[in-house]
Amino acid sequence: MSIEGKVALVTGATRGIGKAIATELGRQGAVVVGTATSENGAATISEYLAEAGIQGTGLVLDVASPESVESVLKTVQGEFGAIGILVNNAGITRDNIMMRMKDDEWDSVMNTNLNSVFRLVKGCLRGMTKARWGRIISVSSVVASMGNAGQANYAAAKSGMEGFTRALAREVGSRNIAVNCVAPGFIDTDMTSGLADEHKEKLQSQIPMNRLGQPEEIAAVVGFLASQGGAYVTGETIHVNGGMYMS
Amino acid sequence: MSNIEERVKKIIAEQLGVKEEEVVNSAAFVEDLGADSLDTVELVMALEEEFETEIPDEEAEKITTVQLAIDYVNANQ
């Protein structure tokens, strides 16, 4: 059984890792709905999907807003059918050292990176349970395992996501729903391009493969977990980081 | 036996994978019919579908026996 015709929802799909994941799932034959925070972003997604000959669309979604999540899930389920593959990819960083971290920096990272996973999963589980088939894949970070100075909020949210994944995997395994995380290391995207060159060089020196990863190298692992080949992997966090962290 | 009662019992038997004769009115889903917590949620989903109604979570949690399911559907038709 391939994922041909399954409906996949990928959050944060405008660019970077999310875009690569949306494209990979589409390549495997899934109908892909990618979400963006802006109309422009949604249009970009629709465009690249169409260009690649992938059925699906881009939609505007603010994962931090329960109302927005509810309305998008309704639209997707109405237009394309029950969601079989959920990829929680949307995420933000609000880095600051702990002694200077504002409530708002903590709250917005928790809300966008972790609370959103709770809401989206809850909204998709009924359909997956009924279908006796589902894949929930959340994009975590190597920072969840290693920690990173200045990212206490981000590390907490991503570790939370991994714990959530293990608990949920136990809950819904009997319904043939696999729940996993993929934890990227340093990937060449807009999120990391903002880092100072000096910082980047230092990071790179700690990566055995001596380079940043490409979004496609994350998408390939997400694609594997979504595919039939990944059917028996659940509750797992797969690290993809060029060796900078080995669990 | 009312039509609703029959339909409710049929769904319970199907969802929980038990024989229809086991589905007596006093039977509790978890203790008597071997349901786990996920089964009970799915059972409510099936009832919602069959009777084209939406059962709020706080109501759904109270439906723990065959009789309570029948009562709920009867009261909300």
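Reading the values: rules and limits
Residues numbered from 1 in each chain as written. Chains lettered and ligands numbered in written order. Predicted model: local features only at pLDDT ≥ 70, side-chain atom pairs only at ≥ 80, totals over all residues. Heavy atoms only, no water. Contact = heavy atoms within 4.5 Å. Buried area = accessible area lost by both parts, 1.4 Å probe. Salt bridge = Lys/Arg side-chain N within 4 Å of Asp/Glu carboxyl O. Polar contact = N/O pair within 3.5 Å; in protein donor to acceptor, adjacent residues only side chain to side chain. Helix = DSSP H or I, 4+ residues; strand = E, 2+ residues; numbered from the N terminus. Nonpolar A, V, L, I, M, F, W, Y, C, P; charged D, E, K, R; others polar. Core = buried A, V, L, I, M, F, W, Y, C linked by side-chain atoms within 4.5 Å. Buried < 20%, exposed > 50% of the residue type's maximum accessible area, 1.4 Å probe, protein only. UniProt positions renumbered as here; feature names shortened; annotations may be inferred. Right-handed = clockwise from strand over helix to strand, strands pointing away. Pairing = 2+ DSSP bridges. Axes fitted to C-alpha atoms, helices over the stretch in contact; angles between N-to-C directions.

> Hey, could you run me through the interface of chain B and chain A in this one?
A common way to report how large an interface is uses the accessible area buried once the components associate. Counting from both sides, the interface comprises eight residues of chain B and, opposite them, nine residues of chain A. Each partner contributes to the roughly 690 Å² buried at the junction of chain B and chain A, and carbon and sulfur atoms together form 43% of this total. Interface area lost by chain B to chain A is led by Leu-38, Glu-42 and Met-45 of chain B, which between them contribute 67%. Linking chain B to chain A there are five salt bridges. Residues Glu-42 of chain B and Arg-132 of chain A are paired through a salt bridge, measuring 2.5 Å at the closest nitrogen-oxygen approach. Here chain B is connected to chain A by five residue pairs in polar contact (both at pLDDT 80 or more). Here the side of chain B that touches chain A gets six residues from one element, more than from any other, and that element is helix α2 (residues 37-50) of chain B. Looking at the side of chain B that touches chain A, its residues break down into two nonpolar, no polar and six charged.

> I tried to follow the nonpolar core on my own but got confused; where do I start?
Inside soluble globular proteins, nonpolar side chains tend to come together where they are buried. All names here are of chain A. One finds Val-10, Ile-21, Leu-25, Val-32, Ile-85, Val-87 and Val-182 to be the most contacted residues of the largest nonpolar core, which totals 30 residues. Every element with two or more residues in this core is listed here: β1 (7-10), α1 (16-27), β2 (31-36), α2 (39-51), β4 (83-88), β5 (134-139) and α9 (215-226). Here this core takes six residues from α9, the largest share from any one element. Those residues in contact with Val-87, other than ones at most four positions away along the chain, are Leu-9, Val-10, Thr-11, Ile-21, Leu-25, Ile-137, Val-139 and Val-222. Counting 27 residues, the second largest nonpolar core, distinct from the first, contains Leu-61, Leu-86, Val-117 and Val-179.

> Teacher, can you tell me more about the UniProt feature "modified residue: O-(pantetheine 4'-phosphoryl)serine" (unreviewed entry) in chain B here?
Per the UniProt entry, the sites bearing "modified residue: O-(pantetheine 4'-phosphoryl)serine" (unreviewed entry) are Ser-37 of chain B in this numbering. Mapped onto the elements, Ser-37 of chain B comes out in helix α2.

> I keep staring at the pairing of β5 of chain A and nothing clicks. Help me out?
One face of the sheet, then the other: side chains in a regular strand alternate in exactly this way. Residues and elements named next belong to chain A. Of all six residues making up β5, six are buried, and the element is well covered by its neighbours. Note that the unit made of β4, helix α4 (residues 103-131) and β5 has a crossover that is right-handed. Bridge count for β5 against strand β6 (residues 177-184) is six bridges, and the pairing is parallel. Of the residues in β6, the one forming a bridge with Ile-137 is Asn-180.

> Explain unusual backbone geometry here, please?
One can expect most non-glycine residues to show negative phi and most peptide bonds to be in trans. Although it is not a glycine, Asn-176 of chain A adopts a positive phi angle of roughly 65°. With respect to the helices and strands, Asn-176 of chain A occurs in the loop between α6 (152-172) and β6. In this model, Glu-52 of chain B sits at a positive phi of 45°, which is unusual for a non-glycine residue. Relative to the helices and strands, Glu-52 of chain B resides in the loop between α2 and α3 (57-60). A residue is classified by how much of its surface remains accessible, and Glu-52 of chain B, at 74% relative accessible area, is exposed.

> In this structure, what is going on with the sheet that holds strand β7 (residues 237-240) of chain A? I would like to understand it.
Neighbouring strands of a sheet are bound in pairs by backbone hydrogen bonds; such pairs are parallel or else antiparallel. Residue and element names in this part refer to chain A. The strand order across the open sheet built from seven strands is β3-β2-β1-β4-β5-β6-β7, with neighbouring strands paired in parallel fashion. A strand with exactly one partner marks an edge of an open sheet, and here the two such strands are β3 (56-60) and β7. Here the strands of the sheet are splayed against their neighbours by 20° on average, with no regard to which way each runs. Direction of pairing for β4 relative to β5: parallel, over a ladder of four bridges. Each bridged residue has a counterpart across the sheet, and for Val-87 the counterpart in β5 is Ile-137. Strands β1, β2, β4, β5 and β6 of the sheet are contacted by α1, whose axis makes an angle of about 175° with β1. Against the sheet, α4 makes contact with β1, β4, β5 and β6, and its axis sits at roughly 165° relative to β4, the strand it touches most.

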